[in-house]
Amino acid sequence: MPIAYYITHPQVQVDANVPVPEWGLSDIGKARAVAMLDQPWIGSIRRIVSSAERKARETAEILATRLRLAVEVRERMHENDRSATGFLPPPEFEAVADQFFANPNDSIRGWERAIDAQRRIVSEVDAVLGNDDPGDTAFVGHGGVGTLLLLSLTGRAISREADQPAGGGNYFAYDIGAHSLIHGWRPIDRASPRLDD
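Structural notes, computed from the coordinates. Computed from a predicted structure; not experimentally measured. (Residues numbered from 1 in each chain as written. Predicted model: local features only at pLDDT ≥ 70, side-chain atom pairs only at ≥ 80, totals over all residues. Heavy atoms only, no water.)

So, the nonpolar core
Ranked by internal contacts, the top residues of the largest apolar core, which has 29 residues, are Tyr6, Phe100, Ile121, Leu129, Phe139, Leu148 and Leu149. Listing elements by their share of this core, those giving two or more residues are β1 (3-8), α3 (90-102), α4 (114-128) and α5 (143-153). Ranked by the residues each element gives to this core, the list is headed by α4, at seven residues. Among residues more than four places away in sequence, those in contact with Leu148 are Phe100, Phe101, Ala114, Ala117, Gln118 and Ile158. Counting residues in each nonpolar core, the second largest holds 18 residues, with Tyr5, Leu37, Trp41 and Ala64 among its members. (Core = buried A, V, L, I, M, F, W, Y, C linked by side-chain atoms within 4.5 Å. Buried < 20%, exposed > 50% of the residue type's maximum accessible area, 1.4 Å probe, protein only. Helix = DSSP H or I, 4+ residues; strand = E, 2+ residues; numbered from the N terminus. Contact = heavy atoms within 4.5 Å.)

Remarks on the pairing of strand β3 (residues 71-74)
Pairing geometry for strand β2 (residues 45-51) and β3, over four bridges, is parallel. Residue Val49 lies in a different strand from β3, and its bridge partner there is Glu72. (Pairing = 2+ DSSP bridges.)

Here we look at the layout of surface pockets
Estimates place the volume of the largest pocket at around 1000 Å³. Lining the largest pocket are 40 residues; nearest its centre among them are Val20, Trp23, Glu79, Arg82 and Phe93. For the lining of the largest pocket, the secondary-structure elements that each account for two or more residues are α3 and α5. The element that contributes the greatest number of residues to the lining of the largest pocket is α3, accounting for six residues. One number sums up the size of the second largest pocket: a volume of about 180 Å³. Along its surface, the second largest pocket is lined by 14 residues, and Val125, Asp126, Leu129, Leu153 and Tyr174 are the ones closest to its centre. Listing elements by their share of the lining of the second largest pocket, those giving two or more residues are β1, α4, α5 and β5 (170-175). Of the residues that constitute the lining of the second largest pocket, the class distribution is 11 nonpolar, two polar and one charged. (1 Å grid on protein atoms, 1.4 Å probe; cavity = no way out; pocket = protein on both sides within 12 Å on 5 of 7 lines; lining within 4 Å. Points joined across faces, edges and corners; volume = space filled by probe spheres on them. Nonpolar A, V, L, I, M, F, W, Y, C, P; charged D, E, K, R; others polar.)

Written out as structure tokens, the structure reads:
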């Protein structure tokens, strides 16, 4: 059965003067994305679909170059829309993110509602997987909407319980045909430890 891998971009170059969607990978993030290429699960991927945000595209392009595949960019796979606040210092960001997940039907400080972000990412993934035999597909995106997707796929309510580990650069695997999670978040650049099976 084909597998869907949802991959989150690894560490980024934070710049408060640059809009968040335009942040690129940091040197550490690039190194982790390259290290991902040595993992055994990479070889089966036949399709790469990416968010349009720069950090996701850069991650997808590293993968695509190795696999000699094109990157399909889907604008609506972006991270939850946080443009109302722009850059927030990490402690403040984490506090607002806690509220975002805890109150999915409310807009926290003007952010996109979690319920809307979840519907959007699920719709995008469903549209991609809607053809007869997509083969193993890598979706390259973001931690917030990735967590919302994981919760939807496993039938759980929106909360931060399934959030990826800090720093990004994680992935989960989902059996498309069986409609079941193969494993939860694991680091993209090493086979173990298993973070959430």
